[in-house]
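Listed here are the chains, written in short residue letters.
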Amino acid sequence: MPDDRHPGRHEEVHLFVERMAMAWADVGFPRMAGRVLFTVMSADGPLTAAQIGERLGVSAAAVSGAVRHLTQFGMLVREPVPRSRRDHYRMPDDPWYEGTVTKTGLYKNFIDIADAGADALGGTATPGGARVGEMRDFFVFVQEELDSLGERWRARRAANGHAEPPAA
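Residues numbered from 1 in each chain as written. Predicted model: local features only at pLDDT ≥ 70, side-chain atom pairs only at ≥ 80, totals over all residues. Heavy atoms only, no water.

V36, L37, V40, I52, V67, L70 and L76 are the most contacted members of the largest nonpolar core, which totals 21 residues. Those elements that place two or more of their residues in this core are α1 (10–25), α2 (31–42), α3 (49–56) and α4 (60–72). If near-sequence neighbours (up to four positions away) are discounted, V36 is found in contact with I52, L56, V63, A66, V67, L70 and L76. (Core = buried A, V, L, I, M, F, W, Y, C linked by side-chain atoms within 4.5 Å. Buried < 20%, exposed > 50% of the residue type's maximum accessible area, 1.4 Å probe, protein only. Helix = DSSP H or I, 4+ residues; strand = E, 2+ residues; numbered from the N terminus. Contact = heavy atoms within 4.5 Å.)

So this is what it looks like as structure tokens:
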């Protein structure tokens, strides 16, 4: 696996990619998607599916499902290669917070479904409705905390020189 920044350190980079992909797979993330994500992260610039496949020792076709998954979650950005039918894949500017939390709509979906579920169960006056209502309230709380966490994260990124400070 070529390493653009550290020639001769291919094995160390390969080990990083495989270990991180395995750690993510342990918590339910598709392993090939993890391998692709950390391969792109370790490159100096954007990569085509063929280049990703070459670094991983798999076919470009094996990469296609992973890049589709990663682009849907905002973890990779797909850009066309000029005058070519190929695409480049790169990391977005802030994949960790923006890609994993804000773009998925996960908690909003949970909140909406739980709200409808509590109503279907007769509201919070019934035991089942109360349990579902409490679940909804928990997800509302989590979403509010994540919004606040996102603001603090953007400020810390800016303080560490990774991004512009958030607009006031």
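Text resumes after the structure shown.
When you line up the elements, D137 lands in helix α7 (residues 127–159). Once the C-alpha coordinates of D137 and A114 are considered, the two residues, 23 residues apart in sequence, prove to be 9.0 Å apart.

Right, let's talk about α4 for a bit. With 13 residues, α4 should cover 18 Å at 1.5 Å per step; its first-to-last C-alpha distance of 18 Å lies within 8% of that length. Among the residues making up α4, those that are buried are V63, A66, V67 and L70. A positive phi of about 75 degrees marks G74, the residue just after α4. (Expected span 1.5 Å × (residues − 1).)

Once that is clear, we can look at the pattern of salt bridges. Note on pairing: side chains with opposite charge can pair once their charged atoms come close. Considering all chains together, one arrives at 7 salt bridges under this definition. Put simply, K108 and D112 hold a salt bridge, and the shortest N to O gap is 2.8 Å. With K108 and D112 both in helix α6 (residues 106–120) and 4 residues apart, the pair spans about one turn of that helix. For D112, a relative accessible area of 39% translates into the label partly exposed. The shortest N-O distance in the salt bridge between D115 and R136 comes to 3.0 Å. Of this pair, D115 sits in helix α6 while R136 sits in helix α7, and the two are 21 residues apart along the sequence. Judged by its relative accessible area of 35%, D115 falls in the partly exposed class. Given a relative accessible area of 17%, R136 falls into the buried group. One network of salt bridges, in which partners are shared, links E18, R31 and R35. (Salt bridge = Lys/Arg side-chain N within 4 Å of Asp/Glu carboxyl O.)

Judged from the 2 bridges that link them, strand β1 (residues 47–48) and strand β3 (residues 87–90) form a sheet pairing that is antiparallel. Paired with L47 across the two strands is Y89, which belongs to β3. Here strand β2 (residues 77–80) folds back onto β3 in antiparallel fashion, the turn holding 6 residues, of which R83 has a positive phi close to 55 degrees. (Pairing = 2+ DSSP bridges.)

The next point concerns the side chain of T48. Along the polypeptide, T48 turns up in strand β1. Using a relative accessible area of 7% as the deciding quantity, one classes T48 as buried.

Once that is clear, we can look at the packing of α2 against α4. Closest axis-to-axis distance for the α2/α4 pair is 8 Å, and the angle between their directions is 80 degrees. Classified by the angle their axes make, α2 and α4 are roughly perpendicular. Two secondary-structure elements touch here, α2 through M32, A33, V36 and L37 and α4 through A62, V63, A66, V67, H69 and L70. Here the contact of α2 with α4 is composed, by residue class, of 9 nonpolar, 1 polar and no charged. (Axes fitted to C-alpha atoms, helices over the stretch in contact; angles between N-to-C directions. Parallel < 35°, antiparallel > 145°, perpendicular 65-115°, else oblique. Nonpolar A, V, L, I, M, F, W, Y, C, P; charged D, E, K, R; others polar.)

Before going further, it helps to examine the sheet that holds β3. Strand order in this open sheet of 3 strands is β1-β3-β2, and the pairing throughout is antiparallel. The sheet terminates laterally at β1 and β2, the two strands that pair on one side only. As paired elements, β2 and β3 share 4 bridges and run antiparallel to each other. Opposite R78, over in β3, you have Y89 as the bridge partner.

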